[in-house]
Amino acid sequence: MNRLEILQLFRDEERRSKSGLRQLSAVVWAQLKMMLAYKSWLVMDLLSTFASVVMYYFVGLQVDPLRLSQSGWGTSYLAFSLVGVATSNYLWACLTRLSHSIQHEIRGGTLETIAVTPVNMLVFFIGLTARGYLVSLIYLVGVFTVGVYGLGANLSFNPQSFLIFIVLFMLMLVSNQALGLIAAGIIMVYKRGDPLVFILAAVNEFLAGVLYPLELLKRFPAVQFLSMLFPYTYALDGMRRVLILSASMPDVNVLTDIVVLAVFSLILVPIGLKTLEWGYGRIRREGTTSSY
Amino acid sequence: MNIAVETERLTKYFRGDGGKERIVAVDHVNLSVREGEFFGLLGPNGAGKTTLIKMLCTLVIPDEGTARVAGFDIVKDAEKVRECIGWLHGETGGRALYWRLSARDNLRFYAYLQNIPPDIARRRIEALLEFFELSKDADRLVKDFSTGMKMRVMLARTLLSNAPILLMDEPTVGLDATGAIETRRLLQALCRELHKTIVFTTHNIFEAERLCDRIAVMNKGKVVAVDTPMRLSEVTRKYRGVEVRFRGPSEEAVKILEGLDVVKSIMSVQPEEDHTVIRAEVKDEEQALSEIPKAFSSNGLKPIGVQLALPSLEEVFLSLTGGGS
């Protein structure tokens, strides 16, 4: 291919149609390709999924079923912990993945090369979260499969419970992703916020009661109050009611959880989008799109 | 002729010393680049070239002034500006690629983002990979590439979109001599034959001299001169002088020149491969240009050429920037 042939190629007429969906699929495709480049990591992740479920199975053998049933969550600790363990990876993905990915793009210098293309940066940022979502999906399916089919955890899976679970799950993603947008916007500017987001996710996971019933917090009112400030608490409560207690509509507790999550989403999503926009605008004003 | 890039009092400040100090990176810059022009930004480190380019490609928001690229305001119509530009930041040395993707996948990804129709994208990607001699390594992960190879992928990525305006920051840095020559030729051809506007920064004065229609010399955030390389040489010369090239004994030639009234002094005698160059300061250039050949031929010497002694672009640069690094 010589210079003249190259020039001829660039004389071609081209009609471009701007498609956000095509751009989003490109970002997701690239993220997944990069993820698959780490083959050993994938294998290790699948193994650790299996190992964590087995670990909770054995922990469950030590938990007094009576104490668990007094909290109102049935008698199987494995079933109780399974819902928390399966969904907590999504909590981490929502809260930390975007800020982590943006920092990675800034350090790699690739954020700048993306930012000068006609891509809508919000589309790009959404695409960046895909990797975390996919890994979490593998983890969620893996945990439920091993827990239910391998270790006999008794969870209620029927069309109605599945539908309510999906509603709660989607609201959990939206509300927590909004918190992730806020974190990403702030970290983009201050660069060094990763430990803070890590602490936020860990505290959130702890306070939402991934591994213990929240009824235990009654002895610590301040901590119990704090736990109510996080959307994941309501999502977990609702999902457990559906999957463990077979709650069906119209269950007041589940409805309350859905309404609270919807309110969280309605408030947090605009704040998250604004914070992200502010962060991106600020690094463009400060000229730090490739500084870390 | 239409204007492709235009800046008016474009200014950017950065915070230094922990935010206490305000540093002027680009200082009220006025520039006008015509469509199809090969325009160079030359200046020492920290002159503001990269910040200026980053403002033009909408990466950095200016603090004062305005700029239009392809007729669009870089702040208000940033998205439209991005549809018209290709940007390369050569100084990153290949850092700005996805190292866990292959060269082909990197290009494919950017083609998708730029909304290039798939069939055109495929043809262009293969052609550019071949042109930059990357075809046989196209499916290897970029992390295993040398700096020069990464640079070639970045160049291919910049050209992929067929943008009418190319903003290139050090496009040949990291390339070997052959790669740099081929790239310069390609850029020149894109400019001359496809009428693309190229604004590029370089530290390589000879590259700027060879490629650019016009050059802006920047120093401490300001544009200190804008003109063709030839005219920049003319305006910055500090003495009236002529340059005599000839074959033969230099002592005799010096004696002839010293014997002429129009010659004030001999500045330098520089032996080249097959001839000698004598630079002389003169009282009147026109008179010198007419008298010197006559004096040489009456003494049996035939000069290869007698011309005005203009400072090289390197000398111009040093003169305008006060010998900046």
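The structure under discussion appears in the preceding block.
Let me sum up the structure you'll find in this document. Throughout this document, residue positions are counted from 1 along each chain, in the order its sequence is written. Lettering for chains starts from A, numbering for ligands starts from 1, and both go in the order in which the items are written. With the structure being a predicted model, the display of local features is reserved for residues of pLDDT at least 70 and the display and counting of side-chain atom pairs for 80 or more, all residues being used for whole-chain, interface and lining totals. Only hydrogens and water are removed before side-chain values are computed, so all heavy atoms of the structure are retained for them.

1. Looking at the pairing of strand S7 (residues 165-169) of chain B
Residues and elements named next belong to chain B. Burial classification: accessible surface area is computed with a 1.4 Å probe over protein chains only, and a residue below 20% of its type maximum counts as buried, one above 50% as exposed, and the rest as partly exposed. What counts as a helix is a DSSP run of H or I of at least four residues, what counts as a strand is a run of E of at least two, and both are numbered from the N terminus. Of all five residues in S7, five are buried; the element is thus mostly enclosed. Residues of S7 alternate between two faces, with Ile165, Leu167 and Asp169 on one and Leu166 and Met168 on the opposite face, all of them buried. A pair of strands is labelled paired if DSSP reports no fewer than 2 bridges between them. Relative to S7, strand S6 (residues 85-89) runs parallel, the two sharing five bridges. Looking at S7, one finds that Leu88 is bridged to Met168. Note that S7 and strand S8 (residues 197-202) share five bridges and pair parallel. Note that in S8 the partner of Met168 across the bridge is Phe200. This β-α-β element, S7 to helix H6 (residues 177-193) to S8, shows right-handed connectivity. Handedness of a crossover is defined as follows: orient the strands so they point away from the viewer, and if the path from the first strand over the helix to the second runs clockwise, the crossover is right-handed.

2. A closer look at the packing of helix H5 (residues 77-108) of chain A against helix H9 (residues 159-190) of chain A
Residue and element names in this part refer to chain A. Close contact between H5 and H9 brings their axes to 9 Å; oriented N to C, the two are set at 30°. Classified by the interaxial angle, the pair formed by H5 and H9 is roughly parallel. For the pair H5 and H9, the sense of crossing is right-handed. Contacts from Thr87, Tyr90, Leu91, Ala93, Cys94, Leu95, Leu98, Ser99, Ile102, Gln103 and Ile106 of H5 reach H9 at Phe169, Met172, Leu173, Asn176, Gln177, Leu179, Gly180, Leu181, Ala183, Ala184, Ile187 and Met188. Helix axes use the C-alpha atoms of the stretch in contact, all axes being lines fitted to C-alpha atoms, and the angles between their N-to-C directions lie in the range 0 to 180 degrees. Oblique is the label for every angle not falling under 35 degrees (roughly parallel), over 145 degrees (roughly antiparallel), or within 65 to 115 degrees (roughly perpendicular). Left-handed is the label given to a crossing in which the near helix is rotated counterclockwise from the far helix by less than a right angle, and right-handed is the label when the rotation is clockwise. Contact definition: two residues touch when any of their heavy atoms are within 4.5 Å.

3. What about the environment of Val167 of chain A?
Residue and element names in this part refer to chain A. Inspection of the secondary structure assignment puts Val167 in helix H9. Classification of Val167 by relative accessible area gives partly exposed; the value is 37%. The spatial distance from the C-alpha of Val167 to the C-alpha of Ala235 is 9.6 Å, given a sequence separation of 68 residues.

4. Some details on unusual backbone geometry
The phi torsion at Ser246 of chain A lies on the positive side, around 55°, for a residue other than glycine. Inspection of the secondary structure assignment puts Ser246 of chain A in the loop between helix H12 (231-243) and helix H13 (252-286). Relative accessible area serves as the criterion here: at 43%, Ser246 of chain A is assigned to the partly exposed category. Even without being glycine, Arg9 of chain B reaches a positive phi, approximately 50°. A relative accessible area of 48% places Arg9 of chain B in the partly exposed class.

5. Digging into the sheet that holds strand S5 (residues 72-73) of chain B
Residue and element names in this part refer to chain B. Taken in spatial order, the four strands of this open sheet run S2-S1-S4-S5, and their pairing is antiparallel. The sheet is open, and its two borders are formed by strand S2 (21-34) and S5, each paired with just one other strand. Relative to S5, strand S4 (residues 64-69) runs antiparallel, the two being bridged by two bridges. Residue pairing across strands places Val69 opposite Phe72, the latter belonging to S5. Packed on one face of the sheet, helix H1 (residues 49-56) meets strand S1 (3-16), S2 and S4 and runs near 120° to S1.

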